[in-house]
Amino acid sequence: MAQPLFMRRLRLADVSNSYDPGARLVSAADAPGGMSFEVTGGWSSDDPGDGPHWTWRLRDVLGYPLEAAGQAHWTAMLFLGEYTPPDLASDLQVLVGLTSGDAEDIDAATCDGQFGGIEYTAGQRKSRIVTVLNDGYVAGSSASGTANNAIRGVHVHVPRCGLGATLSTYARAGAVDSSGGGLSAYDANGAYPLSYGADPFVTVALTRRAATAGNASGVWDIQVGLLPLKVRP
Amino acid sequence: MIIPNVFDPPRRMRLLDLREAVAFYDPGSRLNGTPTCDNTGITVPLLGSWGSTSPKDWPRWVFRARDLFGVQPDENAIWNLQGLIEEVTAPGTSSDYAICVGLISHDQPDVAQPTGYGQFVGTIYNSTNRRPHAAWVTAGAHGGTNTGVNHASARHTAFLHSRAGVGAGHTALVGSAVTARSDVTGLDSAYGGLGTYTGCTTAAIYGADPYVCLAVGRYSAVVGAETAKFKVHLHVAPMVLQ
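What you see is a predicted model; the values in this text were computed from it and never measured. (Residues numbered from 1 in each chain as written. Chains lettered and ligands numbered in written order. Predicted model: local features only at pLDDT ≥ 70, side-chain atom pairs only at ≥ 80, totals over all residues. Heavy atoms only, no water.)

(A) View of the overall build of chain A. Summing up its helical and strand segments, chain A has one helix and 17 strands in all. In chain A, which comprises 233 residues, the proportion classed as buried is 57%. The contacts in chain A between residues at least 6 apart in sequence include a share of 71% that link residues at least 24 apart. Roughly 7,100 Å² of accessible area belongs to chain A as shown, and the carbon and sulfur atoms make up 47% of that amount. (Helix = DSSP H or I, 4+ residues; strand = E, 2+ residues; numbered from the N terminus. Buried < 20%, exposed > 50% of the residue type's maximum accessible area, 1.4 Å probe, protein only. Contact = heavy atoms within 4.5 Å. Areas by Shrake-Rupley, 256 points an atom, 1.4 Å probe, with all protein chains shown as cover.)

(B) Seen up close, the nonpolar core. Core analysis: the biggest nonpolar cluster contains 35 residues, and Leu10(A) and Val204(A) have the highest contact counts within it. Residue contributions to this core peak at five residues, all from strand E17 (residues 216-230) of chain A. Those residues within four positions of Val204(A) in sequence are excluded, and the remaining contacts are Leu10(A), Phe37(A), Pro52(A), His53(A), Trp54(A), Trp56(A), Leu95(A), Val96(A) and Ile222(A). Counting residues in hydrophobic clusters, the runner-up holds 33 residues, among them Tyr97(B), Ile99(B), Val101(B) and Leu103(B). (Core = buried A, V, L, I, M, F, W, Y, C linked by side-chain atoms within 4.5 Å.)

(C) Quick look at the sheet that holds strand E3 (residues 23-25) of chain B. Residues and elements named next belong to chain B. Strand order in the open sheet formed by seven strands is E3-E6-E15-E8-E9-E10-E11, and the pairing between neighbours is antiparallel. On the outer flanks of this sheet lie E3 and strand E11 (141-147), each paired with one strand and no other. For this sheet the average axis-to-axis angle between neighbouring strands, irrespective of direction, equals 20°. Bridge count between strand E6 (residues 60-64) and strand E15 (residues 211-218): five bridges; the pairing is antiparallel. Paired with Arg60 across the strands is Ala215, a residue of E15. (Pairing = 2+ DSSP bridges. Axes fitted to C-alpha atoms, helices over the stretch in contact; angles between N-to-C directions.)

(D) Spotlight on the environment of Gln3(A). Here Gln3(A) lies in the segment before strand E1 (5-6). For the pair Gln3(A) and Ala147(A), spaced 144 residues apart in the sequence, the C-alpha separation amounts to 34 Å.

(E) Region of the structure containing the side chain of Arg60(B). Residue and element names in this part refer to chain B. Structurally, the position occupied by Arg60 is in strand E6. Residue Arg60 is classed as buried on the basis of its relative accessible area, which comes to 2%. Within polar-contact distance, the side chain of Arg60 engages the side chain of Asp110 at 2.5 Å. (Polar contact = N/O pair within 3.5 Å; in protein donor to acceptor, adjacent residues only side chain to side chain.)

(F) Local environment of the pairing of strand E10 (residues 124-133) of chain A. Residue and element names in this part refer to chain A. With seven of its ten residues buried, E10 lies for the most part within the structure. As judged from the nine bridges shared by strand E9 (residues 113-121) and E10, these two strands associate in the antiparallel manner. Pairing of Gln114 across the sheet is with Thr131, part of E10. The hairpin turn running from E9 into E10, its antiparallel successor, is two residues long, and Ala122 in that turn takes a positive phi close to 55°. Judged from the two bridges that link them, E10 and strand E11 (residues 136-137) form a sheet pairing that is antiparallel. Note on E11: the bridge partner recorded for Val132 is Tyr137. The turn joining E10 and E11, which pair antiparallel and follow one another in sequence, is formed by two residues; a positive phi near 50° is taken by Asn134.

(G) Geometry of the pairing of strand E16 (residues 226-240) of chain B. Burial of E16(B) is extensive: 13 of the 15 residues sit out of reach of the surface. As paired elements, E1(A) and E16(B) share two bridges and run parallel to each other. Residue pairing for E16(B): Leu5(A) is matched across the bridge by Met239(B). Direction of pairing for strand E2 (residues 14-15) of chain B relative to E16(B): antiparallel, over a ladder of two bridges. If you follow Arg14(B) over to E16(B), its bridge partner there is Leu234(B). Inspection of the sheet shows strand E5 (residues 41-46) of chain B paired to E16(B) by five bridges, in the antiparallel sense. Note that in E16(B) the partner of Ile42(B) across the bridge is Phe230(B).

(H) Quick peek at the environment of Gly140(B). Residue and element names in this part refer to chain B. Mapped onto the elements of the fold, Gly140 is located in the loop between strand E10 (129-138) and E11. Between the alpha carbons of Gly140 and Asn32 there is a distance of 25 Å; along the sequence they are 108 residues apart. Once residues lying within four places of it in the same chain are set aside, the contact partners of Gly140 are Lys56, Val111, Ala112, Gln113, Pro114 and Gly116.

(I) Looking closely at unusual backbone geometry. All names here are of chain A. At Ala23, a position not held by glycine, the phi torsion is positive, near 50°. Positionally, Ala23 belongs in the loop between strand E3 (17-19) and strand E4 (25-31). A relative accessible area of 57% places Ala23 in the exposed class.

(J) Spotlight on the pattern of salt bridges. All names here are of chain A. Evaluated as defined, the whole model comprises twelve salt bridges over all chains. Between Asp46 and Arg128 there is a salt bridge, with its nearest N and O atoms 3.5 Å apart. Remark: Arg128 occurs in strand E10 and Asp46 occurs in the loop between strand E5 (34-39) and strand E6 (53-57); sequence separation between them is 82 residues. Classification of Arg128 as buried rests on a relative accessible area of 1%. (Salt bridge = Lys/Arg side-chain N within 4 Å of Asp/Glu carboxyl O.)

Below, the structure written as structure tokens:
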């Protein structure tokens, strides 16, 4: 009865566009375990549009246009798994989000987006949720979950029908963890009228949340799936 | 498992049928007659002059998730219960009639018991309007509610209960979300959701064998019996990472 949802792994080789406002990117490459990134230090922003970011057209990742399926409702499933962590005191935040189809660049005037991810701060990991609305990072929309060093992955569920996202964190990425299960870390954004359009993008963004000196680098496995739902007449 | 560029067929949601319920509770005897259920929807008549914001106090039907969907949750790291509540015949929009669908804990189908946990989301008909409603139950007690923004055009409420992790006795789950939209016939790129949203943010313990709960009640003590009809569409999809 239940149809499994097979996720797709994002690769830099397939990226639609990349942006590096402020020239903070040191390196980015496909790597064993996912994608490796390194960014400079000494700067800070909560806005995913202020740091290096990459966009993938969701329909290209999936292999079909969203309209073709005629679905009544869909939810984008985004997964961010930590493969190699950065310095846990680096104040790096790594985000994955769904962004609107009419603007690939987060800083474009019409871009809306809903992001979730992991923040590495004060020797700990925290879940993180961030909203972008009409190109602007919505300061009141961001939140950090409870610090938990067992966090190794984040799932972000973004419903097309309406707004917001739910976010949950996992102790182990990509594996059934019968001893620990979920971590209870949770956050939700829903107060902002985001418009993803019919041709949205997946965006990966990195920023430093505090102006900590020194580069920060790590490897993350980022996967995407779409769950289209049809109503039985 | 790697399956690149495979077309994802839309998951056809199943209709919830009261005849598949494994338990029914009516604390306070609030039903006003016999509910009916067929392919056109579920009709639940309710008495007036009583009310509660918590689905644990409402008439409710309980379904075993693994029987509804053929999913044994332990087999999968991640799955989500998703669905739509479709309004077929609306109650009075000031009747405080309310409908919610919940995911509840494994060890006993009645969420109003000491170890019962549950996250519920749905719609209330209040002050001549429609509004998303989220409520949660912790250890059998009402834990709280969140309500969304009124939107008179809402005719469908979409919800998602995300279940994180697995493992009997350890599964911590996390939250639910509800949105409303005015149409359900197709992807509406121009309109999308209605902007109404609410969510549960309290962790619940679902365990490895959770239940689905349909709860129908009165949000506050408005006088007069009320009847409404809904279709409840549900789907579960286990997520498989590469």
